[in-house]
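These are the residues of each chain, in order.
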Amino acid sequence: MPDLDTVRSWQGATMVDRHGAKIGTVESIYVDDQTGEPEWALVNTGLFGTRSSFVPLAQASGSGDQVQVPYDKQLVKGAPRVDTDQHLSETEEQELWRHYGLDYDSGYTTDTADRDRDDIYDQAQDSAVGRDTSGPTTDDAMTRSEEELEVGTAQRERGRARLRKYVTTETQQLTVPVEREEVRVEREPITDANLDAATSGPAISEEEHEVTLREEEVVVDKRAVPKERVRLDTETVTEERQVSEEVRKEQIEVEGDRDRLGDDRS
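Computed from a predicted structure; not experimentally measured. (Residues numbered from 1 in each chain as written. Predicted model: local features only at pLDDT ≥ 70, side-chain atom pairs only at ≥ 80, totals over all residues. Heavy atoms only, no water.)

On to the overall build of the protein chain. When helices and strands are tallied, the protein chain shows six helices and six strands. For the protein chain, the N- to C-terminal ordering of α and β elements is α-β-β-β-β-β-β-α-α-α-α-α. Out of the 266 residues in the protein chain, the part that is buried amounts to 21%. Within the protein chain, counting contacts between residues at least 6 apart in sequence, those at least 24 apart form 56% of the total. Accessible surface computed for the protein chain: about 23100 Å², of which carbon and sulfur atoms make up 43%. (Helix = DSSP H or I, 4+ residues; strand = E, 2+ residues; numbered from the N terminus. Buried < 20%, exposed > 50% of the residue type's maximum accessible area, 1.4 Å probe, protein only. Contact = heavy atoms within 4.5 Å. Areas by Shrake-Rupley, 256 points an atom, 1.4 Å probe, with all protein chains shown as cover.)

In this structure, Met-15, Trp-40, Phe-54, Val-55, Tyr-71 and Tyr-100 are the most contacted members of the largest nonpolar core, which totals 28 residues. Counting only elements with at least two residues in this core, the list comes to β2 (22–31), β3 (38–44), β4 (52–56), α2 (73–77) and α3 (90–99). Not counting residues up to four positions away in its chain, the partners in contact with Val-55 are Met-15, Glu-39, Trp-40, Ala-41, Val-43, Val-69, Tyr-71, Val-76 and Tyr-100. (Core = buried A, V, L, I, M, F, W, Y, C linked by side-chain atoms within 4.5 Å.)

The next thing to look at is the side chain of Asp-72. Tracing the backbone shows Asp-72 in the loop between β6 (66–68) and α2. In this structure the side chain of Asp-72 is engaged in a polar contact, spanning 3.0 Å, whose partner is the backbone nitrogen of Gln-74. (Polar contact = N/O pair within 3.5 Å; in protein donor to acceptor, adjacent residues only side chain to side chain.)

What follows covers the pattern of salt bridges. Overall, the coordinates contain six salt bridges when judged by the stated rule. Of the charged contacts in the structure, one is a salt bridge between Arg-180 and Glu-182, with a shortest N-O distance of 2.9 Å. There is no split in this pair, since Arg-180 and Glu-182 are both exposed. Between Arg-184 and Glu-186 there is a salt bridge whose closest N-O contact spans 2.9 Å. On the basis of relative accessibility, which here comes to 65%, the residue Arg-184 falls in the exposed class. Note on Glu-186: relative accessible area 62%, which makes it exposed. (Salt bridge = Lys/Arg side-chain N within 4 Å of Asp/Glu carboxyl O.)

Nothing here speaks to function; it is geometry throughout.
Spelled out as structure tokens, the structure:
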């Protein structure tokens, strides 16, 4: 029997069967209420981890990130369904022990654990099919079972999107009106109105008059103007995908003299 500390480290590990085939992921460890010893492992065995099965830990062995048990994968998946939200009752434990071919009354001691794995596997298989075979411990009818698909969904990362801002340069052309002053010569005849101004100086002289000319020039400046806000958001879309998986079902046939056997299918 592995010690408690070792078994606790198996949570999250992959459980494989006697042939190395993957059974599922170890979800929880159940210990005995009286002894405190690890007794059962709860393993996710269904598609996408939607179903769980109890597996005895007495002969389990760990190696790396795997835990191996001496049972077949299908035997584990066919274990009786037990409520995982509470302690295992005595009735539930008895049913589980019988399913794995173990003796509940005498206990599963280390002496028993030393038996050859193939012997335990054969006994477990006999116990598993005992529910479907008429015999001293069953009634007079067979149970025909079929596998049904249980399909769920699991989220995974399908990609990433990001916003990236970068700067580009473009040339803009604008037409800007500008003004400038030009010289225009004005001439006016001498009249009584301007005679005094015209004769206020010397009769004959040299002189200069100056006028300052002004013009507008284009001045360019730039400023940053916010235009819009951009953010990333997600939306959920629903689509349908087909899942194809093989399922097994049992068939029952009649052997013997068919003429003397009645077939009641009503």
